[in-house]
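# Breakdown of the fold
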Amino acid sequence: MKSVRVFAPASIANLGCGFDIMGLALDEVGDVLEMSISEGDGLSIVNCSGVPLPDDIEKNVITPVVRKFLQMTGNTAQVDITIRQKIYPGSGIGSSSASSAAAAFGMNELFGSPLSEEEVVICAMEGENLASGGYHADNAAPAVMGGIVLIRGYEPLDIIKLPVPGDFYCAVVHPQLVVSTKEARSILPKAVPMHDAITQWGNVGGLVAGLYSGNIGLIGRAMKDAVAEPYRKGFIPGFDDLREKILSHGSLAMNIAGSGPSVFALANKREKAHKAGEIMDKHFSALGIEHQVYVVKVSNRGARLTAY
Ligand code: HSE
């Protein structure tokens, strides 16, 4: 029998302008899986995280990830997995992709690393597909690779790790509003007007240039979304007011985290991120909406082995 203990971080998808193609990894917050393989052919998943998850393993994102790995590498094994730590589902910081990335990375470790990092992301995307009905890698890629990631293309997958210039912090608020990723995707129009497309690709280019040059002002200006936010912000009461307040207190940008309903602010100083967190807290308290706020550093590290 071989076993590993694996951590994969929380992540934030889209980063404003990069719908389905950009995401970043967060520090310290994430999922921990203990995984072992032995002779045989089967899968067991035991949830000891204290976070409620479906008992049916067919509904657990880990299952398609493990199957994809075995299929891609031509292996069979009895795989036993214990979930030790779990980000709350629906928190907007990549709960499903943290499990998927940890499972994909752990399988690769257990079998002597037959897959490249990009192939590990392909396995992790199977979990995203189960969770949201789409093969997007904007949470899965940063959860596997760490840092800020651009998915230049999906066919074939072409992932580019971007520089993280200096220390960045995210304040994230998770309001207790029920919006599934499937629903948040289904309300988006199938076509983007040319004017919005021009705005969007200008911003994506600007964000990439800002990250490479360390131009903080450019990063902030570019993190704007003309494609999904106009439709999704209606799920988040007072979204525009909240952003105005947060930006006036020094954060670089505020956007919907992935498909929402969580919202994140990016700041280049810890104190500014804490201020954004306070404003988020006041905003949702005043609306009588239960919520949690996290302030977390952007991390260059992705999925990794961790001590027992
Ligand atoms: N890019 C995806 C979306 C992220 O916005 O639907 C889901 O977390």
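Scope of this entry: the structure provided in the associated data block.

Scoring rules and cut-offs
- Residues numbered from 1 in each chain as written.
- Predicted model: local features only at pLDDT ≥ 70, side-chain atom pairs only at ≥ 80, totals over all residues.
- Heavy atoms only, no water.
- Pairing = 2+ DSSP bridges.
- Helix = DSSP H or I, 4+ residues; strand = E, 2+ residues; numbered from the N terminus.
- Axes fitted to C-alpha atoms, helices over the stretch in contact; angles between N-to-C directions.
- Contact = heavy atoms within 4.5 Å.
- Buried < 20%, exposed > 50% of the residue type's maximum accessible area, 1.4 Å probe, protein only.
- Lys, Arg positive; Asp, Glu negative; His and termini not counted.
- Salt bridge = Lys/Arg side-chain N within 4 Å of Asp/Glu carboxyl O.
- Polar contact = N/O pair within 3.5 Å; in protein donor to acceptor, adjacent residues only side chain to side chain.
- Near = heavy atom within 4 Å.
- Areas by Shrake-Rupley, 256 points an atom, 1.4 Å probe, with all protein chains shown as cover.
- Core = buried A, V, L, I, M, F, W, Y, C linked by side-chain atoms within 4.5 Å.

### Quick word on the sheet that holds strand β8 (residues 253-256)
Spatial ordering of the open sheet is given by β8-β9-β7-β10, a layout of 4 strands whose pairing is antiparallel. Looking at strand neighbours, the two that pair on one side only are β8 and β10 (291-297), the edges of this open sheet. Recorded for the sheet is a direction-independent mean angle of 20° between the axes of neighbouring strands. Relative to strand β9 (residues 263-267), β8 is paired through 4 bridges, and the arrangement is antiparallel. Across the sheet, the residue bridging to Ala253 is Leu266, located in β9. Helix α9 (residues 239-248) contacts β8 and β9 of the sheet and is inclined by roughly 155° relative to β8. Strand contacts of helix α10 (residues 270-286): β7 (169-175), β9 and β10, with the helix running at about 15° to β7, the strand carrying the most contacts.

### Points about the side chain of Asp27
Position of Asp27 relative to the elements: it lies in strand β2 (residues 22-38). Although Asp27 is buried, it forms no salt bridge, and the closest oppositely charged side chain is Arg304 at an N-O distance of 5.0 Å. Here the side chain of Asp27 touches Ser299 through a polar contact of 3.2 Å, side chain to side chain. The contacts of Asp27, once residues within four sequence positions are left out, are Val296, Lys297 and Ser299.

### With respect to the pattern of salt bridges
Taken as a whole, this structure holds 11 salt bridges when the rule is applied. Between Arg67 and Glu58 there is a salt bridge whose closest N-O contact spans 2.8 Å. Exposure remark for Glu58: the relative accessible area of 41% places this residue in the partly exposed category. Between Lys233 and Asp240 there is a salt bridge, with its nearest N and O atoms 3.0 Å apart.

### A look at the site of the ligand
Taken together, Ala13, Asn14, Phe19, Asp20, His136, Asp138, Asn139, Thr181, Arg185, Arg232, Gly258 and Ser259 make up all the residues around the ligand. Within the side chain of Asn14, one N or O atom sits 2.8 Å away from an oxygen atom of the ligand. Between the ligand and Arg232, the relevant distance is 2.7 Å, taken from an oxygen atom to a side-chain nitrogen or oxygen of the residue. Within the complex, 94% of the 260 Å² of free accessible area of the ligand lies under protein.

### Here's the deal with the nonpolar core
With 40 residues, the main nonpolar core has Leu33, Met35, Ile62, Val121, Ala141 and Ile159 as its most contacted residues. In terms of residues, this core owes the most to one element, helix α2 (residues 95-110), which gives 7 residues. Aside from chain neighbours lying at most four places away, what touches Ile159 is Glu118, Val121, Ala141, Met145, Val149, Leu150 and Ile151. If you look at the next biggest cluster of nonpolar residues, it comprises 31 residues, including Ala10, Leu26, Ile87 and Ile148.

### Regarding the environment of Asp281
Note that Asp281 resides in helix α10. For the pair formed by Asp281 and His291, sequence separation is 10 residues and the distance between their alpha carbons is 7.5 Å. Beyond its immediate chain neighbours, meaning those up to four positions away, Asp281 contacts His291 and Val293.

Keep in mind these values describe shape, not function.
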